[in-house]
Amino acid sequence: MRDTFRILFYIKRNSPLRDGSVPVMGRITINGARSQFSTHLSVPPESWDVRQGRMSGRSRTAAHVNARLESIRFTVERCYYDARCYERGEVTPEMVKERFMGNISSRETLLGFFRRHNEEFERMVGVSRSRATYNKYRCVYLHLERYLHERLQWTDLEFSELTHEFLVGFHAYIACECGHRKNTVWVYLTALKHIVGLARSRGYLDRDPFADYRFKGESVPRSILSMEEIRRVAVLDPGSAMLRFIRDVFLFSCFTGLSYADIGRLTMRNFESSDGQLWLNTSRCKMGTSVSVRLFAVPRTILHNYAPESNDVPIFRLPSNGWCNHCLERIMTLAGIHKRVTFHSARHTFATTVTLAQGVAIETIGKLLGHKNIRTTQIYASVTHSHLRCELDRLEERLESVSELDFIPKVLF
């Protein structure tokens with residue numbers, strides 16, 4: 001007796017999703033017995049053609065959904081014929097469904113894989129991963145999800161569907177519609193490239209969609225403060241306790257070189273006296289390298305003003321980095337400094353104005369900043385105009401001493 005085998009696609013109108021769409025379900029029928037499964041697709045209910053069992057219209061979304069449904073139909077049919085060949089006895093819809101579900105389990109989707117990566121990453125925050133890096137991956141995931149849902153009207157896509165055209169579209173979306181700057185776009189695409197690389201290493205991709213795709217950041221002038229500008233910030237009365245606190249912690253960073261994340265972890269246990277001097281000892285959040293900095297008058301005074309009674313609580317309970325930057329923008333305006341200054345500008349200021357311009361060797365600066373590679377220090381410690389002027393003054397003195405020799409003319413004109 002020949003089986004009556006049929007596949008039907010339908011929508012669950014009584015189970016709408018948050019965006020108003022409804023799930024698309026599949027039903028396998030063999031000799032009157034039925035088994036349902038989810039296609040992991042959703043469509044607007046008004047766009048579903050009940051008679052055809054597919055999405056109506058000629059939109060890009062309809063073409064994508066219908067192509068996925070045809071792919072599912074082909075896979076289920078193949079599972080049915082395989083079951084007839086290899087299974088003993090009667091083939092049931094559950095047998096076909098189990099074969100089908102086992103088949104699609106190896107077809108990984110981009111958002112599903114990305115979401116699990118972020119969940120695993122979050123569990124390691126504070127152990128071997130940083131909160132800032134997790135927030136970066138989470139932000140890229142949200143942009144990707146919105147691009148798929150809002151621009152393409154897709155719920156997800158398989159890695160096999162990740163094409164050059166998709167990367168171009170996503171690149172344009174975060175650059176133009178989201179309004180991110182070139183370096184932010186570069187950071188986000190680099191994060192996505194890392195996710196795709198992980199998926200490829202696990203066998204979900206047999207090619208690299210980024211292989212022929214080029215993107216790069218741009219060199220941005222690093223904002224630093226001069227000694228005169230530091231003085232103007234230090235003597236300023238910001239007018240509120242919050243602005244005064246942000247100003248003080250920013251100055252502390254200018255004279256220690258610590259980043260926002262490193263300062264937020266400081267307790268009194270990070271400080272010790274040695275030979276009458278006060279030293280700050282800590283390890284960097286980003287690299288894990290140890291840092292020892294001697295505290296001079298300005299950071300010593302700030303530490304004294306904010307030192308808590310307990311040795312185990314954070315000294316500087318900073319708000320978010322974004323809010324600190326907003327406050328610094330207000331502080332710089334009040335001080336008459338017309339520069340885009342962020343909290344990280346304090347680290348650049350330490351590397352240049354406070355150390356390099358005062359004649360500190362580049363190797364020493366690298367040690368104070370906690371860098372593993374001297375080339376990283378060279379990027380931070382750009383040559384300031386004052387440092388260049390001091391070097392040329394020394395050179396002029398040496399040349400003038402040479403000019404006292406008889407063969408150097410005293411007057412050229």
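Residues numbered from 1 in each chain as written. Predicted model: local features only at pLDDT ≥ 70, side-chain atom pairs only at ≥ 80, totals over all residues. Heavy atoms only, no water.

Across the sheet, which stays open at both edges, the three strands sit in the order β1-β2-β3 with antiparallel pairing between neighbours. Each having just a single partner strand, β1 (5–11) and β3 (33–43) make up the two edges of the open sheet. Sheet twist, expressed as the average angle between the axes of neighbouring strands with direction ignored, equals 20 degrees. Of the strand pairs in this sheet, strand β2 (residues 22–30) and β3 are connected by nine bridges, and their pairing is antiparallel. From the neighbouring strand, V24 faces β3, where its bridge partner is L41. (Pairing = 2+ DSSP bridges. Helix = DSSP H or I, 4+ residues; strand = E, 2+ residues; numbered from the N terminus. Axes fitted to C-alpha atoms, helices over the stretch in contact; angles between N-to-C directions.)

This paragraph deals with helix α13 (residues 362–369). Of all the residues in α13, the buried ones are I365, G366, L368 and L369. Down the axis of α13, the sector holding all buried residues measures 165 degrees, keeping them to one side. Projecting away from the buried face of α13 at angles above 90 degrees are the exposed residues E363 and K367. (Buried < 20%, exposed > 50% of the residue type's maximum accessible area, 1.4 Å probe, protein only. Arc of directions from axis to C-beta.)

As a further point, take the pattern of salt bridges. Pairing is possible between side chains that carry opposite charge, provided their charged atoms lie close to one another. One pass over the full model with this rule turns up 11 salt bridges. Taking the shortest distance from any N to any O, the salt bridge between E161 and R68 comes out at 3.6 Å. Of this pair, E161 sits in the loop between α4 (131–151) and α5 (164–177) while R68 is found in helix α1 (residues 60–86), placing the two residues 93 residues apart along the sequence. R131 is paired through a salt bridge with E122; the nearest N and O atoms lie 3.9 Å apart. Taken together, the salt bridges that share partners define one network made up of R68, E158 and E161. (Salt bridge = Lys/Arg side-chain N within 4 Å of Asp/Glu carboxyl O.)

Okay, the layout of surface pockets next. By volume, the second largest pocket amounts to about 950 Å³. Contributing to the lining of the second largest pocket are 39 residues, with H40, S42, H149, T155 and D156 lying nearest its centre. Breaking the lining of the second largest pocket down by element, the ones donating at least two residues are β3, α1, α2 (93–104), α3 (110–123) and α4. The element best represented in the lining of the second largest pocket is β3, accounting for five residues. Tallied by class, the residues present in the lining of the second largest pocket amount to 12 nonpolar, 16 polar and 11 charged. (1 Å grid on protein atoms, 1.4 Å probe; cavity = no way out; pocket = protein on both sides within 12 Å on 5 of 7 lines; lining within 4 Å. Points joined across faces, edges and corners; volume = space filled by probe spheres on them. Nonpolar A, V, L, I, M, F, W, Y, C, P; charged D, E, K, R; others polar.)

Scored by pLDDT, the chain comes out at a mean of 85, with 88% of its residues at no less than 70. Mean pLDDT in the chain bottoms out at helix α15 (residues 385–402), which sits at 63, and peaks at helix α8 (residues 241–254), which reaches 95. Taken together, the stretch residues 403–413 has pLDDT below 50 and engages in four contacts with residues farther than four places along the chain or on a different chain. (pLDDT = per-residue confidence, 0-100. Contact = heavy atoms within 4.5 Å.)

On to helix α7 (residues 227–235), then. What α7 keeps buried is the set E229, I230 and V233. For α7, the angular spread of the buried residues around the axis is 105 degrees, confining them to a single face.

This model, assessed by the stated rule, comprises zero disulfides. Free of any disulfide, C139 has its nearest neighbouring cysteine sulfur in C178, separated by 8.6 Å. A relative accessible area of 24% means that C139 is categorised as partly exposed. Free of any disulfide, C324 has its nearest cysteine sulfur in C327, 6.5 Å distant. Assessed through its relative accessible area of 0%, C324 is described here as buried. (Disulfide = S-S within 2.5 Å.)

Turning next to the side chain of T29. In this structure, T29 sits in strand β2. For T29, the residues in contact, after removing those within four places along its chain, are T4, F5, R6 and R34.

This next bit is on the packing of aromatic side chains. In the structure shown here, the tally under the stated rule is 15 aromatic pairs. An angle of 45 degrees between the planes, with centres 5.3 Å apart, marks the rings of Y147 and Y173 as tilted. Of this pair, Y147 sits in helix α4 while Y173 sits in helix α5; the two residues are 26 residues apart in sequence, bridging distant segments of the chain. For Y173, a relative accessible area of 6% corresponds to the buried category. One aromatic cluster in this structure is built from Y147, F166, F170 and Y173. In this structure, R27 packs its charged tip against the face of Y10, placed 4.6 Å from the ring centre. Of note, K136 hangs over the ring of Y137, and the distance from its end group to the ring centre comes to 5.0 Å. (Phe/Tyr/Trp six-rings, centres within 6.5 Å; stacked < 30°, edge-to-face > 60°. Lys NZ or Arg CZ within 6 Å of the ring centre and 35° of its normal.)

Right, let's talk about the pairing of strand β6 (residues 271–274) for a bit. Sheet topology note: the β6/strand β7 (residues 277–283) ladder contains four bridges and is antiparallel. Paired with S273 across the two strands is L278, which belongs to β7. A loop of two residues connects β6 with β7, the two strands running antiparallel in sequence, and D275 in this loop sits at a positive phi of about 55 degrees.

What follows concerns the environment of A67. Mapping A67 onto the fold places it in helix α1. Sequence separation of A67 and R54 is 13 residues, and the distance between their C-alpha atoms is 9.7 Å.

Summed over the entire model, instances satisfying the criterion amount to one cavity of 30 Å³ or more. One number sums up the size of the largest cavity: a volume of about 30 Å³. Lining the largest cavity, in full, are L41, S42, H64, V65, Q153, W154 and T155. Listed by contribution, the elements that provide at least two residues to the lining of the largest cavity are β3 and α1. For the lining of the largest cavity, the class distribution of residues is three nonpolar, four polar and no charged.

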